[in-house]
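Given next are the chains, with one letter for each unit.
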Amino acid sequence: MGMERRGCIDRLYWMVNQKWEEPLNKARPFSIAKRVVWEAYKRVKANQGAAGVDGESIAEFERDLTNNLYKLWNRMSSGSYFPPPVRTVEIPKSDGGKRALGIPTVTDRVAQMVVKMYLEPLVEPHFHQDSYGYRPGRSAIQAVGVARQRCWRIDWVLDLDIKGFFDNLDHALLMRAVRKHTDCRWIILYIARWLTAPAQLPDGTLVAREQGTPQGGVISPLLANLFLHYAFDVWMQRYYPSIPFERYADDIIVHCKSERQALWVKTAVVRRLAQCKLELHPEKTKIVYCKDVERTDDYPKESFDFLGFEFRPRGAKSRLGSYFVSFLPAVSKKATKSIRSVIRGWRLHRLSDKCLLDLSRMFNPIIRGWINYYGSFYKSALYPLFDQLDGSLKKWAMRKYKRLRGRQRRAGYWLSRIRSQQPSLFSHWQLASHLVAGR
């Protein structure tokens, strides 16, 4: 079986490394390089993901990898590829509602990645410097860092929330933006087909889609960026070049010099989005005063959330050791609530069959992810979360070791001793020296 699989991979390498400069014919009117299909598959595999409507996982797709990729290439090259329905799943939102995610099949994800690999180099150079979402070399942390710097210099923020952006994106306007950057017939053809591919609800019902692009699709973030590039970025640059902003997909922060200017820009944005068949969320869109030690006026709204961080007045320490108030980002209440829920879901006290080393190997990758992201700004906001984690470790110790059962203080001393002896065992133990496991 191993030799057979190895031969399959070897044939695939042989296939993709040949020169596919075949003359176009009626069977294959579109020129798509097989090596791009292979590279697209590797990227999809690296991202993993759930199965689509056909129930086929990546592992199952790989069982006949050569044939699956060849069939996909052949169908895309001939123009006969039609995307299957997108499996819809609902996930809870922080406000109590639900967000619909669309999960394409593995084959469809590879096909979307092929188009993305051709289209992205064409549109990427045109994107605005303050657009950070789903772009090569750009990140959410960069967007938060720039927003922090601008909040120090500029007094007011207009926090924009587009109501149901991914669900209400207009297909005709999007296709106009696509055609502005490419006249490649097969790219235009397949994007149009993906936009209108039906959604399959959990009960199996198929729903036609006349607007929007499913969140969860490989091509969707690029299309969303392209749409908002013209709907917002280019418009702002043309009519309000002196007003800075940060945009991560449909999360947008605009910096204004006064409340009056913020109201003026908000009114203009409402009109602009209406032209693009979108609207602002009336409750989530707000004007915020960036209050700090030099800005002493009071205002009803003095905080906003952006990419998992809450910006608000916070205590800070200068290089000379003096304390003052600054407008700073830190892990948001919503993100904190989510992290606490994850820690509780681990049910560490029930893993008494594991040792501490096992637990560190299981959970350190997640803990490091939290620290690397949310610890980028105002690390001390993470301390209470890791107090909770250490509390869970104490409960684990009291359940695992008879001598610690019912003795919380002794369990705390025991964990504190382990921490001093092996400070690198858990990632959060290296974050703050003031945390005491026994408290």
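This text follows the structure it describes.
So, a few notes on the structure that sits alongside this text. (Residues numbered from 1 in each chain as written. Predicted model: local features only at pLDDT ≥ 70, side-chain atom pairs only at ≥ 80, totals over all residues. Heavy atoms only, no water.)

## Focus: helix 2 (residues 34-47)
Now for step 1: Between the first and last C-alpha of helix 2 there are 20 Å, a value that for 14 residues agrees with the 20 Å anticipated at 1.5 Å per step.
Now for step 2: Among the residues trailing helix 2, Gln 48 stands out with phi positive, at a value near 55 degrees. (Helix = DSSP H or I, 4+ residues; strand = E, 2+ residues; numbered from the N terminus. Expected span 1.5 Å × (residues − 1).)

## With respect to the state of the cysteines
Now for step 1: Considering all chains together, one arrives at zero disulfides under this definition.
Now for step 2: With no disulfide partner, Cys 151 has as its closest neighbouring cysteine sulfur the one in Cys 290, 4.0 Å distant. (Disulfide = S-S within 2.5 Å.)

## Some words on a positive patch on the surface
Now for step 1: There is a patch of like positive charges on the surface, built from Arg 347, Arg 350, Arg 399, Lys 402 and Arg 405.
Now for step 2: If you trace the backbone, Arg 347 turns up in the loop between helix 12 (333-346) and helix 13 (356-374).
Now for step 3: Classification of Arg 347 as partly exposed rests on a relative accessible area of 43%. (Patch = residues over 30% accessible without salt bridge, like charges linked within 9 Å, V, L, I, M, F, W, Y side chains within 5 Å. Areas by Shrake-Rupley, 256 points an atom, 1.4 Å probe, with all protein chains shown as cover. Salt bridge = Lys/Arg side-chain N within 4 Å of Asp/Glu carboxyl O. Lys, Arg positive; Asp, Glu negative; His and termini not counted. Charge placed at Lys NZ, Arg CZ, Asp CG, Glu CD. Buried < 20%, exposed > 50% of the residue type's maximum accessible area, 1.4 Å probe, protein only.)

## Quick word on the sheet that holds strand 11 (residues 323-331)
Now for step 1: Strand order in the open sheet formed by three strands is 9-10-11, with antiparallel pairing between adjacent strands. Looking along the sheet, the strands with just one partner apiece sit at the ends: strand 9 (304-306) and strand 11. Between one strand and the next, the sheet's axes are offset by a mean angle of 50 degrees, whatever the strand orientation.
Now for step 2: In this sheet, strand 10 (residues 309-317) lies alongside strand 9 in antiparallel orientation, the contact comprising three bridges. Across the sheet, the residue bridging to Phe 306 is Phe 309, located in strand 10. (Pairing = 2+ DSSP bridges. Axes fitted to C-alpha atoms, helices over the stretch in contact; angles between N-to-C directions.)

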